[in-house]
Amino acid sequence: MSPQPQPPSPPIVSPAPERPSLVRTLLAYWPALLTAVISLGLCIALAWLRHGQTLAEEQVRVQQELNALRSRLEAVAQTTFAPTLGLEALIRLDGGISEARFQAMSGQVIRLLPHVRSIVAAPNDVAEFVYPLAGNEAVLNLDYRTIPRQHEQIQRARQMGQPLLVGPVKLVQGGYGLIQRVPVFLPNRQGEAPQYWGVISVVADLQRFMQNTGLEGRSDLRLGLYLPGLKAGSLGDAIWGERGLTQGQPMLLTVNLPGAVWMLAGVPAQGWSQGPSWRSMETVLAAGVSLALTWLAGLLVYRRRLLLIHNQTLGEEINRSRQVQAALDAEQARFRSLTELSTDWVWEQDRELRLSFVSRPAERATQVPSQLLLGLKRWESPALVPGTDWSSHQAMLERHEPFRNFEYAQYAGDGSIRHVSVSGVPFFDAQGQFAGYRGTGRNISAAKIAQQALMESQAALTDTLNRLQAILDSASDVAIIATDLAGRITVFNRGAERMLGYNEREMLGRYPDFLHRREEVQQRAVELSAALGETIQGFDTFVAMARVHGSETRVWTYLRKDGSALDVSLTVSMVRDRGGPAMGYLGIARDITEQRQAERALVQLNSELEDRVSSRTAELTEAMHNLRQAQDELLRSEKMAALGSLVAGVAHELNTPLGNCLTTASTLEERTREIQAEFNGPGMRRQHLADYLRDAGTAASILLRSLSTSTELVAHFKQLSVDQTSSQRRVFDLASALDDVLSLLRPRLRTTPYQVVCEVHTPRPLDSYPGPLGQVINNLVLNALLHAFGGRDHGRLSIRADELSPDWLLLVVEDDGVGMSEAVRRRAFDPFFTTKMGSGGTGLGLNIVYNIVTGILGGQIELSSELGKGSRFTFRLPYVAPQLSAKAQDRAHDPRPVPKPPDA
């Protein structure tokens, strides 16, 4: 240090004859007094400035310490009570929890978290699972409903639908603790409220909990935890810490814990600074009174010392912050390790509801990279599966309300669908402003799959039971009676009711021995006792052989309810479980009373059998002859009907052009008589002759056109009649042959609202039989009018021919009518099969088509049809038909119905 400056020497005063007055003395030292006053004022001002700075630094330091303690307190609380989420998820998924699984999970949690004293699961509010049991025997099977205070806490958590943290609670084992109550709700069917399962309670030791949070043992701060007061910024009951801390104007922070909101209060250990320190000011004042330079030097030293102290304080605060940050990082790493062991993951959203953090287990569970989701709102994810209603969820988030188990689906990286359930709560900053959401998520795909499989399994089981019951009920001709191992009836089907006269209700649970004759049962018991070497009696008489050989069939006499007797063939079998042990016995009885009577009549029947065979043979021969006559008659009727339709169509078509000719000829005749009379008269006008010649030319043109149309129709009819009556083989153009057939069908088609379209794209003519081919097309068109378009106001029939190969062509006849069922399609080509019996159908049209195509034309036919989608006949025909034998040609002239080969 620089040497202290010496005070100025007093001024030399000349001796005066008289002592100076006090006023003059003061006036002489006015610079010193002025300096002293200025120094004193400056010292006082600097002292109060330092006091304000010190107070502000204390507040900043306490604020930083409280922020670090709050973060650590929230992290420790989240870690302490996070296991309840795993237990809750397991119970929700399985619908309950076993003792072994509860003990295993609870033991692992307490090993990782030593400050957790016990975990209790209470289905229906009764403590059935306790870990550890040692020291907590009084809690086992404790009914919380008998303890008003604890039951009130459980009811409050159940009403809120979220965890509730209470404390401090005096523990039976000693000390105080914190208890988290987590209500568990089981998912129910869609649209129904979740079912309350019970509550999970986690008890943490208060002192060790506070030690882990770093609140215990702080020498620099006086701390306390309180419940929020009724007014904003006020404190309620104390949870931990000094009771009188509220009198020291503590700084307050809101702590959001799983199930509770606490207030963290803190003041410096020595309290807030109350005023400036006058000790240092006296030194500065003394130095300032001595000399202005000393005052300035002391001021500089004093400011330097303040800076050093400030720097040292900042260094200590930085080191302390680093320690707190390191402890917080350790707690976060510990929390992350615990979350990575769990199937759930943790996420955060900022105040704009955009995802700001997603833990690593989310990628493993959903196979969606976290980088793809960060910065997006949850409903903006590109991996979402459409179909989720986000409106209600968004409205809840806008209201800053907590939510649980919101479900949606998203695509995984491999293209599969993963179902996700998320839960979250809002969090707020120190000023109470909304800061975002924190929550957990879980992959519920397995639960969804299991739920779907369970529904399918239940449906299959119900279907199986219904089919089994239907099978039992349908077996009305046999009596099925099942018993348990003791002989009590468990199944009594409708066949048994019908056979014996008893109903199922009065038979279930009874023994079946009263259904048999006593003497018959006793005789059988004696036989079995002798054969098996042991005494057989009672119900064993019916099942002894079934136990030995698995089943036994024997004739017994059943006694009906009305007292009558009947002979039955009874088969008794032992029923075993899939694993092997016996479950009971099954008896199937068949009434053979008539069979016995038939056996007795068999001798007489054998004697008369030869006569009956001869008589039956004669009857069958006559029946076959009648059937052949009926077939021939039906064929003739079919041909006559076709001929009648053909003649009617031709007559209708010829009637129009011939009528036009008749009208035109009569008109021309009349005009000729008029012009002849005028020619024979006194004179003929030139204009009248010109009019006559014009009219005669018009009439001649009309006559030529009408006669040409008639000639064309007659030619078509002649060619078609020759082809269909003689089955003559010739080379012909397919389009012309089809036009001949359709031209004769047009009169009938004009009276219907249906349309027939023909398209032929064959490059060369056919060497085949145009008559049978025309009969095929005629039958298909008439069949469509009768069956496919019957009762409809529109319809379209298309005939299309294309070349399939150099030797084959493809002919397709397709309609858009009502179509056929599978049963009708399989029998469509059978002879005498029709769905319009009595309404114009003979059942021979498609059979004749099948015989002609596969016979004389040498082709193949395929029918495709569905109800409501029309029918399609596909023909594969050769350009050159095969040569037919004389017998085959005769059959072509008279194609009788033959059975269609079985449909492959």
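Just above, that's the structure.
Residues numbered from 1 in each chain as written. Predicted model: local features only at pLDDT ≥ 70, side-chain atom pairs only at ≥ 80, totals over all residues. Heavy atoms only, no water.

Got a minute to help me understand the pairing of strand E6 (residues 221-228) in this structure?
Every other side chain in a regular strand lies on the same face of the sheet, so the side chains alternate between the two faces. Examined bridge by bridge, E6 and strand E9 (residues 260-268) share six bridges and lie antiparallel to one another. Residue Leu221 lies in a different strand from E9, and its bridge partner there is Pro268. Where E6 lies against strand E7 (residues 235-241), four bridges are found, and the strand directions are antiparallel. When the bridges of E7 are listed, Leu225 appears paired with Trp240. (Pairing = 2+ DSSP bridges. Helix = DSSP H or I, 4+ residues; strand = E, 2+ residues; numbered from the N terminus.)

For this particular structure, what's the right way to read the nonpolar core?
For soluble globular proteins, the rule of thumb is that nonpolar side chains tend to be buried together. In terms of nonpolar packing, the biggest core is built from 50 residues, with Met210, Leu215, Leu225 and Trp262 touching the most fellow members. Element by element, the count of residues in this core is highest for helix H2 (residues 30-81), at seven residues. In contact with Leu215, not counting residues within four places along its chain, are Leu69, Met210, Leu223, Leu225, Trp240 and Leu264. Residues Ala737, Leu745, Ala784 and Ile852 belong to the second largest nonpolar core, which totals 45 residues. (Core = buried A, V, L, I, M, F, W, Y, C linked by side-chain atoms within 4.5 Å. Buried < 20%, exposed > 50% of the residue type's maximum accessible area, 1.4 Å probe, protein only. Contact = heavy atoms within 4.5 Å.)

Looking at this structure, how should I read the sheet that holds strand E11 (residues 355-358)?
To summarise the sheet geometry, strands pair through backbone hydrogen bonds and adopt either a parallel or an antiparallel arrangement. In spatial order, the strands read E11-E10-E14-E13-E12; together these five strands make up an open sheet with antiparallel pairing. Across the chains shown, the open sheet's two edge strands, defined by having one partner strand only, are E11 and strand E12 (403-411). This sheet shows a mean twist of 30° between the axes of neighbouring strands, independent of strand direction. The pairing of strand E13 (residues 417-428) with strand E14 (residues 434-443) spans nine bridges and is antiparallel. The residue bridging Pro426 from the neighbouring strand is Tyr437, located in E14. Packing of helix H3 (residues 83-94) onto the sheet brings it into contact with E12 and E14, and relative to E14 it is tilted by some 50°. Along the sheet, helix H10 (residues 391-398) contacts E12 and E14; its crossing angle with E12, the most-contacted strand, is approximately 135°. (Axes fitted to C-alpha atoms, helices over the stretch in contact; angles between N-to-C directions.)

Looking at this structure, I do not really get the pairing of strand E8 (residues 251-257). What am I missing?
Where burial is concerned, the two faces of E8 differ: the one with Met251, Leu253, Val255 and Leu257 is buried and the one with Leu252, Thr254 and Asn256 is not. Sheet topology note: the E8/E9 ladder contains seven bridges and is antiparallel. Bridging across to E9, Thr254 finds its partner in Met263. Hairpin remark: E8 followed by E9, antiparallel, with two residues in the connecting loop; positive phi at Gly259, about 110°.

Help me understand the packing of helix H19 (residues 734-750) against helix H20 (residues 770-788), please; the structure alone is not making it clear to me.
Geometry of a packed helix pair, given as the angle between the helix axes and the separation of the axes. The contact between H19 and H20 brings their axes to 10 Å, and the two run at 35°. Where H19 crosses over H20, the two elements pack in a sense that is right-handed. Across the interface between the two elements, Leu734, Leu738, Val741, Leu742, Leu745, Arg748 and Leu749 from H19 touch Leu773, Gly774, Ile777, Asn778, Val781, Leu782 and Leu785 from H20. Broken down by class, the residue content of the contact of H19 with H20 amounts to eleven nonpolar, two polar and one charged. (Left-handed = near helix turned anticlockwise from the far one by under 90°. Nonpolar A, V, L, I, M, F, W, Y, C, P; charged D, E, K, R; others polar.)

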